[in-house]
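Structure at a glance
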Amino acid sequence: MVMSQRGVRIGYVDMEYILENVEEYREANQQLDNKVMQWKGQMEERQRNIDQLRQDLEAERVLLTDELILEREEEIEILEKELLDYQQDRFGPRGDLVLQKQRLIQPIQDQVFSEVQKIGANKKYDFIFDKSADVVMLYSEKRHDISELVLRGISRTRRISAPKKTQPDRLDQFEDEDVEEPVSEGVLEREQRSQQAAEARAQTAEEKKAEQLKLREERRKAYEARRKKLLEEREARRKSKEGERNATPEVKKDTIN
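Just so we're clear, the structure is a prediction, and the values are computed from it rather than from any experiment.

**Comments concerning a nonpolar patch on the surface**
A surface patch of nonpolar side chains, about 330 Å² in accessible area, is lined by Val8, Ile10, Phe127 and Phe129. Here Val8 lies in the loop between helix H1 (2-6) and strand S1 (10-13). Since its relative accessible area comes to 44%, Val8 is described here as partly exposed.

**Quick notes on the pattern of salt bridges**
Counting across every chain of the model gives nine salt bridges. In this structure, Arg48 and Glu45 form a salt bridge, with 2.7 Å as the shortest nitrogen-oxygen distance. Note that Arg48 and Glu45 are positioned in helix H3 (residues 23-60) at a spacing of three residues, about one turn of the helix. Look at Arg48 and you get partly exposed, because its relative accessible area is 48%. Glu60 is paired through a salt bridge with Arg72; the nearest N and O atoms lie 2.9 Å apart.

**Some points on the nonpolar core**
Judged by nonpolar contacts, the single largest core of 31 residues is most densely connected at Ile18, Ile108, Val112, Ile146 and Val150. Elements supplying a minimum of two residues to this core: helix H2 (15-20), H3, helix H4 (66-91), helix H5 (96-122) and helix H6 (147-154). The element that contributes the greatest number of residues to this core is H3, accounting for seven residues. Here Val150 is in contact with Val13, Ile18, Val112, Glu115, Val116 and Ile119, once residues within four sequence places are set aside.

**A look at H6**
Judged by how many residues are buried, H6 sits mostly within the fold: seven of eight residues are covered. Here H6 has its buried residues at Ser147, Glu148, Leu149, Val150, Leu151, Gly153 and Ile154. The secondary structure elements touched by the buried residues of H6 are S1, H2 and H5.

**Topic: the packing of aromatic side chains**
Pairs of aromatic rings are described using the distance from one ring centre to the other and the angle between the two planes. Counted according to the given criterion, the structure contains two aromatic pairs. Relative to Phe91, the ring of Trp39 lies with its centre 6.0 Å away and its plane at 80 degrees, an arrangement referred to as edge-to-face. Here Phe91 lies in helix H4 and Trp39 lies in helix H3, a separation of 52 residues in the sequence. Phe91 gets classed as partly exposed once you look at its relative accessible area, which sits at 28%. Between Phe127 and Phe129 the ring centres are 6.3 Å apart and the planes differ by 15 degrees, which places this aromatic pair in the stacked class. A relative accessible area of 32% places Phe129 in the partly exposed class. Cation over ring: Arg9 sits above Tyr125, and NZ or CZ is 4.3 Å from the ring centre. The ring of Tyr86 is capped by Arg46, whose NZ or CZ atom sits 4.5 Å from the centre of that ring.

**Notes on the side chain of Glu71**
In this structure, Glu71 sits in helix H4. Ignoring any residue separated from it by four or fewer positions in sequence, one finds Glu71 in contact with Arg234 and Arg237.

**Considerations on unusual backbone geometry**
Unusually for a residue other than glycine, Lys124 sits at a positive phi of about 60 degrees. Its place among the elements puts Lys124 in the loop between H5 and strand S2 (127-130).

Rules of the game
- Residues numbered from 1 in each chain as written.
- Predicted model: local features only at pLDDT ≥ 70, side-chain atom pairs only at ≥ 80, totals over all residues.
- Heavy atoms only, no water.
- Patch = residues over 30% accessible without salt bridge, like charges linked within 9 Å, V, L, I, M, F, W, Y side chains within 5 Å.
- Areas by Shrake-Rupley, 256 points an atom, 1.4 Å probe, with all protein chains shown as cover.
- Salt bridge = Lys/Arg side-chain N within 4 Å of Asp/Glu carboxyl O.
- Helix = DSSP H or I, 4+ residues; strand = E, 2+ residues; numbered from the N terminus.
- Buried < 20%, exposed > 50% of the residue type's maximum accessible area, 1.4 Å probe, protein only.
- Core = buried A, V, L, I, M, F, W, Y, C linked by side-chain atoms within 4.5 Å.
- Contact = heavy atoms within 4.5 Å.
- Phe/Tyr/Trp six-rings, centres within 6.5 Å; stacked < 30°, edge-to-face > 60°.
- Lys NZ or Arg CZ within 6 Å of the ring centre and 35° of its normal.

Keep in mind these numbers describe shape, not what the thing actually does.
Structure below.
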């Protein structure tokens, strides 16, 4: 067989290296890191507020009626639930952090997939692996790394910045790489399928985001309704007590007469 005569040709891509050298990704990732710091700051502020309310309650407990203690505890419980939901909304499995990271990396992954299809077909690779995927790569020689080839392909449509750190020149390992080879119909078809899959993933991400926002709005309305009910109950109890106090002198006067 032809394969046995030339041997199996294997390559791999280093997705982390590629991401490090896409300037748009680095800038967007830095912005996301800044957002994460803001989210954490807001969570810490909420937690400090809850801790302060707890401390105040413990300090004043002996001076408060059971009814007032219950009201304070209910208020703290609501704030704790809101903090937990906020944490899930930002850092949970379907939170903003996960969704925005997917949005950052997905376009680059799609471009990498497209370039790998071209390289695999044009340069007759039998297998091309993703070094950062679940496949455990215990050892591989640098000559099998085609990350630079993929970066060169992506750079035709995306501006690539210089590497952050000095990397060994991995371009001299490929023969005739500067010659543009025609892309086969099969590769074009795979690219089209890749594009369709990318559009489907983007639509799914938007639907998930819309669902998440709807869930948050429903929770917010539920909290507002619960707080409103709690305030109405407090006001009703206050008016009831005032009515009892105002009625007491009249009862005593009638009794004296």
